[in-house]
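Below, each chain spelled out in residue letters.
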Number of protein chains: 2
Amino acid sequence: MSSKPAIGFCGLGAMGMGMATHLVKQGYPVTGFDVYPPSLNKFESAGGTPSSSLSASAKDKSFYIVMVASAMQAQPALFDEEGIVKALPKGATLILCSTVPSAYVKSVEKELVDMGRDDVFFIDAPVSGGAGRAADGTLSIMAGASSAAMEKGKWLLEEMSAPKKLFIVEGGIGAGSNMKMVHQVLAAIQILSLNEAYGFAARLGLNGKDVYDTVLGSKGWSWMFENRSQRTLKEDYFPGASAVTIILKDTSIITSMSRSVGFPATLCSVAEQVYFSALDRGWGANDDAGLVRLWTPEPVAKIESKLSAEDKEAKFQLVVNLLTGIHLVSAAESISLAKHVGIPLPQFYDLACDAAGGSTMFKEAGERMISILEGKEDGKGRVLGGYIETLKEAVSEAQAIKCPLYLGTGALNLLLQTGSGLSLAALLSCYMP
Amino acid sequence: MSSKPAIGFCGLGAMGMGMATHLVKQGYPVTGFDVYPPSLNKFESAGGTPSSSLSASAKDKSFYIVMVASAMQAQPALFDEEGIVKALPKGATLILCSTVPSAYVKSVEKELVDMGRDDVFFIDAPVSGGAGRAADGTLSIMAGASSAAMEKGKWLLEEMSAPKKLFIVEGGIGAGSNMKMVHQVLAAIQILSLNEAYGFAARLGLNGKDVYDTVLGSKGWSWMFENRSQRTLKEDYFPGASAVTIILKDTSIITSMSRSVGFPATLCSVAEQVYFSALDRGWGANDDAGLVRLWTPEPVAKIESKLSAEDKEAKFQLVVNLLTGIHLVSAAESISLAKHVGIPLPQFYDLACDAAGGSTMFKEAGERMISILEGKEDGKGRVLGGYIETLKEAVSEAQAIKCPLYLGTGALNLLLQTGSGLSLAALLSCYMP
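This text gives an overview of the structure that appears in the document. All figures in this text were calculated on a predicted structure; none of them were measured in a lab. (Residues numbered from 1 in each chain as written. Chains lettered and ligands numbered in written order. Predicted model: local features only at pLDDT ≥ 70, side-chain atom pairs only at ≥ 80, totals over all residues. Heavy atoms only, no water.)

**A word on the sheet that holds strand E6 (residues 121–124) of chain A**
Residue and element names in this part refer to chain A.
Now for step 1: The strand order across the open sheet formed by six strands is E3-E2-E1-E4-E5-E6, and the pairing between neighbours is parallel. For this open sheet the edge positions go to strand E3 (49–51) and E6, each flanked by a neighbour on one side alone. Averaged over all neighbouring strand pairs, the angle between strand axes comes to 20°, with direction disregarded.
Now for step 2: Where strand E1 (residues 7–10) meets strand E2 (residues 30–33), four bridges bridge the pair, whose relative direction is parallel. Counted as the bridge partner of glycine 8 is threonine 31 from E2. (Pairing = 2+ DSSP bridges. Helix = DSSP H or I, 4+ residues; strand = E, 2+ residues; numbered from the N terminus. Axes fitted to C-alpha atoms, helices over the stretch in contact; angles between N-to-C directions.)

**A few points about the relation of the copies chain B and chain A**
Now for step 1: With an RMSD of 0.0 Å, chain B superimposes on chain A once it is rotated by 180° and translated 0.0 Å along the axis. Here the symmetry operator amounts to a two-fold rotation axis. The rotation axis passes nearest to the C-alpha of B:Cys430 in chain B, at a distance of 4.0 Å. (Least-squares fit on C-alpha atoms with pLDDT ≥ 70 in both.)

**As for the packing of aromatic side chains**
Now for step 1: Taken as a whole and assessed by the stated rule, the structure comprises 18 aromatic pairs over all chains.
Now for step 2: The interplanar angle of 35° and the centroid separation of 5.6 Å between the aromatic rings of B:Tyr28 and B:Trp155 together place this pair among those described as tilted. Within this pair, whereas B:Tyr28 is found in the loop between helix H1 (14–25) and strand E2 (30–33), its partner B:Trp155 is found in helix H8 (residues 147–160), the two being separated by 127 residues in sequence.
Now for step 3: Accessibility expressed as a relative area gives 7% for B:Tyr28, which makes it buried.
Now for step 4: Ring centres of B:Tyr198 and B:Phe225 lie 5.1 Å apart, and the angle between their planes is 10°; this geometry places the pair in the stacked category. Residue B:Tyr198 is found in helix H9 (residues 175–204), and its partner B:Phe225 is found in helix H11 (residues 223–232); the two are separated by 27 residues along the sequence. You'll find B:Tyr198 and B:Phe225 in the same group, each marked buried.
Now for step 5: Three or more aromatic residues link up through ring pairs in this structure, and these residues are A:Tyr28, A:Phe63 and A:Trp155.
Now for step 6: The ring of A:Trp283 is capped by A:Arg293, whose NZ or CZ atom sits 4.1 Å from the centre of that ring. (Phe/Tyr/Trp six-rings, centres within 6.5 Å; stacked < 30°, edge-to-face > 60°. Buried < 20%, exposed > 50% of the residue type's maximum accessible area, 1.4 Å probe, protein only. Lys NZ or Arg CZ within 6 Å of the ring centre and 35° of its normal.)

Written out as structure tokens, the structure is:
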């Protein structure tokens, strides 16, 4: 028998399977539950103990991790008569890693108390980093909990996260989910922006691989662009690695939370409507890198560009301009929402710069935006003029070729709202009226 | 021979045919030109004189009307070697009724001078009202010109317009086109809003005819809703009466002009991207009332609603909320742009209330918006709260059923930008930073 504590695990999807099998490799006896039998078989082959009953997976487990897809899945798994919580031993540590609304994790905390299970040490700990980092135990984890619960569960969060990638967020239960939410503002926008950029480029007559090479070293870079390009350039969408429904779920958490607190999540809302339109086309289960098909049916890596070298150069620049302008505004939208919901801004900056929401523009402009929102500088410098002009060039060209730029035009109109001030402070004031 | 002066006419499309044949009925000898032979035949049957040459249609005509589709068509028609201007007699009056950018009509004025034809009395006179009113001679006409030119041509504009529907706009050449442009802000948004409303209603399980009856007497009414419903409810889209490409052309005039003057035409830009996406589906030549197919392939008038009376009532209200919220913001967008380009606001209000851009919300809120922009009241009253809450209800429900609301979410985010102020002044400041 292992000297390491036994762990229960619910939700063996792409992320959960990686996390659970990583713990197995580290020598923990892990009992895993999933509703999908092939996942249980796969988990058993990887050395885990499969369980076909939720309560059996939780019985006698002092540590339990939930990694299902949504609050709608988590609620019955946790609280049904034959669910996890009823089966957990006294004083167990329960970690919810799913991306859910912060209001939901607060409701879990309350329900534990209401049912007389406040002995359970509950941790709100959504993750970021994708299936590869899940399997390597190098995730970014955003955790909120009471200090007592954190003391109990921190070692386990450390097992699953990379060094310096465990972000313990002040504010208790809900703070982890809020941190994840504001991070996903960047993800929600930047997953669409890369598709919009490849789509615009295709309609300008540019080859996708050339676009990839150009964007990588430019101000238009984002983690999502680099990551998703691996699938965009191979049309690896069926199913690929991250379905449209997943980013849509996170996007809807952002926009509904924003509505309820009166925050204008402008570009996230644009992205959400486009994701809905992709569902309507039947693309929900396809990889989100396949949204480029909204612009062109042609494989972007196979486009033979007939442009002159000079023309190409000019058009590459337009694509970079588009991404740069969108990412400048996505930085403002995420940082403003972080401020609005009380997330510590420097911690958010540290996390996002080096996570899936990262972008060159976030890194460059985000620090100054935070400094402005913290009152350390007035932010009245007229720094936006250049970005507005270059984004205008992209939008004008798209208009001439009748190419929709949902985010590009949305970002431009927010930038134009800064009027003659052209300042970061004016841009932030679109979000913090 | 008629005692009335001979008139030349170029462009016998849906609008132009109505205008030219109306003049024929009034007893004018009209010589009409079109590139499409069947239109010439039709015009001849209606008593007009067809001409297969532009220069022949202009020779000896002291009055000439151009009603082609775009600046791109107008330019060669006017200025080619065998075009209109070269053939016009000295001192002729030339009226351009097409909807074109104001910069274009200014370039025509300049080109007339440059080629030594400043003897031509040129009038910038776009129209509104649709093919029916064109044929009745009851159009709304927005005209700008020098006072000398206006003196020459006013009688002819009066022939084509309804009593009190000839709006002579101060500012000379360009002012008529600018007035038309700001009017089309309402049209561009409200053509999409009616489709979004019918689409949302369909996905809520409501029958289109019931929606029509409900909206007609509600705050969600618009002229466009009432007008286009006649085709929506019969799927009369092929080709219907007004192609997507027509409103798209006008929308692109608005957004490109706005970009060039630094105005954030936020909802018009949203509409433009959706119109582009309709082109991508091959719907450019279909009636714009057919855009509802972006939401549902089902004929909306044939939806059998299975909802209880109470449920229906609640869902009708959501549809009305959606339209009301969008039209409130479209009023702000159009009036702010009017102010930005120097259009007299009370004249714009008079025109738009009773033209194709009219809506209940424009009529109700527009007057106060103008009063605020003219400095007659401060506009700090917290009047927006109710509209924000009701629009939120619509957007929340749409999110729950995964129904895209491009304009609804765009309008809500602009309203949320008013923060805790909740005032019309704060809404207008999104447009007039």
